[in-house]
Structures are given as C-alpha cells and as structure tokens.
Amino acid sequence: MKSPLPRMGLGTWHMGESASQRAAEVAALRAGIELGLNVIDTAEMYADGGAEEVVREAIRGRRDDVFVVTKFYPHHASRKELPRACEKSLERLGVDAIDLYLLHWRGRIPLAETVEALDRLVETGKVERWGVSNFDVEDMEELAGVARMGGIFANQVLYNPARRGIEFDLLPWCRERNVQLMAYSPLDEGALASDRRLATIGERLGASASQVALAWILRQSGVCAIPKAGSLEHVRDNAKALELRLDEETLREIDRIFTPPSRKQRLEII
Ligand code: NAP
C-alpha cells in the first residue's frame, strides 16, 4: 500500500515536447526522486502523451518509490472513453496502476457518470485513487453530492503566494473534508523564482526565492506542491525547500507583499 501524498513532487508540463531535451528531463526527474520529491504529476495532454513516456523512463526500476499522478481530458470522462484513456496512460507510463487519476478540468460529461467510471477503475485495480483538477467550491460541492464518502482524494489547483484566492474558501473546504490540495504552478510558472522581494527574504534566510515560495506552500498540512524543474540545478534548489521553515514574522512580511484574500475570488486556471 502506497503512503499518502508526499509533500512535494515534480511537474512535467512541457516535458516530452523535444527529443533533444529528453535525457535532461529524465535526469531531472530521477534526481528529484532521489531527493525525496516522489510525486510525479503528468497528464495525457502534456506533449500528447509524450510527458507520460518521459515519466516511464524516469521511474524505471524505481516504481515503488514514486507516487504517479496523471490526468485525463474532460472529453474522455465518460463511461465508454475513460477505460480506454486509462489503458493508454498505463501503457505510456509503463505501470500496472495509476496512484492518482485526475479529471483535468470540468467538461460536459455529467459528474455522476465520471465518478462511476472512476470507481470502476478503482475496483479493477487500474487506479488506486482519484480526484479532480481546477474545481472551485461549487464544483466540489456538486462532486461531493455524487461521490461516495471519502472517494475524492485530491483537487489540483493553481496556488502560490501570488495566487492565493483559494485560501478564502476552497482550501478550507478541502481541508475540512480531508481532500488533498495539490498546488500547481507553485512558482507561478517560474515568475516567483526571480521575484526580487522573495529573493530579499531568501537572502536573509540563506535560501533562494524559489525555496521561499515553496516553503510558504509546504508549511500547510494537506497541501502538496509540484514545481516543474527541467534541470538538476533547479531540482536541487527546490528540494531544499523541504528543510526551510518560515517564522511568523517572515509569513507576515509575505502577507504584506501578497495580500491574503478578503472575499471570494473565482478560481484562476492556467
Ligand atoms: P512552475 O512549477 O510554477 O514553474 C516552472 C518554471 O519554473 C519552469 O520554467 C522552470 O524552469 C522554473 N523553475 C523551476 N525551479 C526553479 C528554480 N529553482 N529556480 C529558477 N527557476 C525554476 O510552473 P508549472 O510547470 O506551470 O507548474 C508545475 C506543474 O503543475 C506542471 O509542470 C504540471 O505538472 C502541473 N500543472 C497542472 C495544471 C492543471 O491544470 N492541473 C496546470 C499547470 C501546471 P526549468 O524548466 O528551466 O527548470
């Protein structure tokens, strides 16, 4: 039985797009696994399945150390299409079962039908657990109405110091129901890595701006960050965030730079 979601993992968006980058991508993912970033997040959409193939190479011989997450298209979320999409992902990933299978974003297929198809994949052992991505509170409420108790394992959404609208409602909603929150684009697609203000805080703590942004996310229970890093240097830098603790004064300083939400904000989607 796999452990629950590790605290930090590895994103793969834009991996598998260029053959010349493949070796570097595989090396970065393998280094990340070595360093304890053992959730790998991918999707059938990324490089049209190419990212899942990069993951296959990266986890070869390490399957038991890695929690593999992949996502399916909303147009594959039906009773008929989902088992086929799942088989293709399993094949590209080279695994017998997907640790966490997510609906990438909400589409037109009724949620009840998708939940039924997902539960079937769990019953047949193709999928260990399932969840969703880019679901705001209203969608989560509707989903909870058709899912069995405890069935929704995770919701993967945009979350980082500069995009913290979910703190107002979605994050507490998930926490109260024990739904894991996976923070995607935790570096705001790289922008926070060069944020001057986070870099200044980092200098004081002997850390990089990226580490400050990631440690800020990781301090919260039930939240997992999945930064994407294409180089060994970036993977190593990010892994150090697991050791970084931000004190109350630093957290207040970050609140002054990136104001916490005081009202409902629509979930942002990348
Ligand atoms: P991100 O992780 O916030 O940022 C990635 C960018 O930051 C890359 O350009 C990377 O450059 C750079 N970077 C990483 N570590 C760095 C470091 N230590 N110093 C300087 N730069 C660094 O953005 P993301 O890729 O959008 O999000 C992460 C993952 O979340 C994705 O890969 C994907 O798996 C998932 N995601 C999911 C959804 C969804 O709809 N569910 C949407 C977006 C993303 P290099 O590549 O050169 O290292």
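Predicted model only: the values in this text are computed from it and were never measured. Numbers given to residues run from 1 along each chain, matching the order in which its sequence is written. A pLDDT threshold of at least 70 governs which residues receive local features in this predicted model, and a stricter bar of 80 or more applies before side-chain atom pairs are shown or counted, although totals over entire chains, interfaces and linings include all residues. Only hydrogens and water are set aside when side-chain values are computed; all heavy atoms of the structure are taken into account.

Undergrad: Which parts of the structure should I look at to understand the overall build of the protein chain?
TA: Secondary structure follows DSSP: runs of H or I at least 4 residues long count as helices, runs of E at least 2 residues long count as strands, and numbering of each begins at the N terminus. Helix and strand counts for the protein chain come out as 10 helices and 8 strands. Projected onto the principal axes, the alpha-carbon positions of the protein chain cover approximately 55 × 45 × 30 Å. Within the span of the protein chain, comprising 270 residues, buried residues form 55% of the whole. For the protein chain, the accessible area works out to roughly 12,500 Å², and carbon and sulfur atoms hold 48% of it. Here the protein chain carries 37 positive and 42 negative side-chain charges, and the mean point of each set is 0 Å from the other. Exposure classes here rest on a 1.4 Å probe applied to the protein chains alone. A residue is buried below 20% of its type maximum, exposed above 50%, and partly exposed in between. What sets the accessible areas is the Shrake-Rupley method with a 1.4 Å probe; for residues, cover comes only from the shown protein chains. In this count, Lys and Arg are taken as positive residues and Asp and Glu as negative ones, while His and the chain termini are left out. For this purpose, a charge sits on NZ of Lys, CZ of Arg, CG of Asp or CD of Glu.

Undergrad: What is the right way to look at the sheet that holds strand E4 (residues 100-103) in this model?
TA: Sheet strands line up and pair through hydrogen bonds in the backbone, either parallel or antiparallel. By this definition, two strands are paired if DSSP reports at least two bridges between them. Strands sit in the order E1-E2-E3-E4-E5-E6-E7-E8 across an open sheet of 8 strands; the sheet is parallel. On the outer flanks of this sheet lie strand E1 (10-11) and strand E8 (223-225), each paired with one strand and no other. Two elements, strand E7 (residues 180-184) and E8, share 3 bridges in a ladder whose sense is parallel. Bridging across to E8, Leu181 finds its partner in Val223. Throughout, a contact is declared for two residues whenever any of their heavy atoms are within 4.5 Å. Every angle, taken between N-to-C directions, lies between 0 and 180 degrees, and every axis is a line fitted to C-alpha atoms, over only the stretch in contact when it is a helix. The sheet strands contacting helix H4 (residues 111-123) are strand E3 (67-72), E4 and strand E5 (130-133), and the helix crosses E5 at an angle near 140°.

Undergrad: Honestly, the packing of helix H2 (residues 50-59) against helix H3 (residues 81-93) in this entry has me stumped. Any pointers?
TA: Packed helix pairs are characterised by how far apart their axes lie and by the angle those axes make with each other. Interhelical geometry of H2 versus H3 gives an angle of 45° and a closest axis separation of 7 Å. Judged on the interaxial angle alone, H3 and H2 are oblique. Residues Glu52, Glu53, Val55, Arg56 and Ile59 of H2 pack against Ser89, Glu91, Arg92 and Leu93 of H3. Asp, Glu, Lys and Arg are counted as charged, while Ala, Val, Leu, Ile, Met, Phe, Trp, Tyr, Cys and Pro are counted as nonpolar; the rest, among them Gly, fall into the polar class. A breakdown of the residues in the contact of H2 with H3 according to their chemical character gives 3 nonpolar, 1 polar and 5 charged. We call two directions roughly parallel when the angle between them is under 35 degrees, roughly antiparallel when it is over 145, roughly perpendicular when it lies between 65 and 115, and oblique otherwise.

Undergrad: Sorry, what's going on with the environment of Gln21 here?
TA: The topology assignment puts Gln21 in the loop between E1 and helix H1 (22-34). Overall, the relative accessible area of 40% leaves Gln21 in the partly exposed class. In this structure, the C-alpha to C-alpha distance between Gln21 and Val179, residues 158 residues apart in sequence, is 35 Å.

Undergrad: Would you take a moment to explain the pairing of E3 for this structure?
TA: As a general feature of sheets, a regular strand has side chains that alternate between the two faces. Counting buried residues in E3 gives 6 out of 6 residues, a clear majority hidden from the surface. The alternating pattern of E3 places Phe67, Val69 and Lys71 and Val68, Thr70 and Phe72 on opposite faces, both of which are buried. As paired strands, strand E2 (residues 39-41) and E3 are joined by 3 bridges and run parallel to one another. When the sheet's bridge partners are listed, Ile40 is paired in E3 with Val68. Between E2 and its parallel partner E3, the chain crosses via H2, and the hand of that crossover is right-handed. With 4 bridges joining them, E3 and E4 adopt parallel strand pairing. Across the sheet, residue Thr70 finds its bridge partner in E4, namely Tyr101. As for the winding sense of the linkage, the β-α-β connection from E3 through H3 to E4 is right-handed. We call a crossover right-handed when, viewed with the strands running away from us, the connection from the first strand over the helix to the second turns clockwise.

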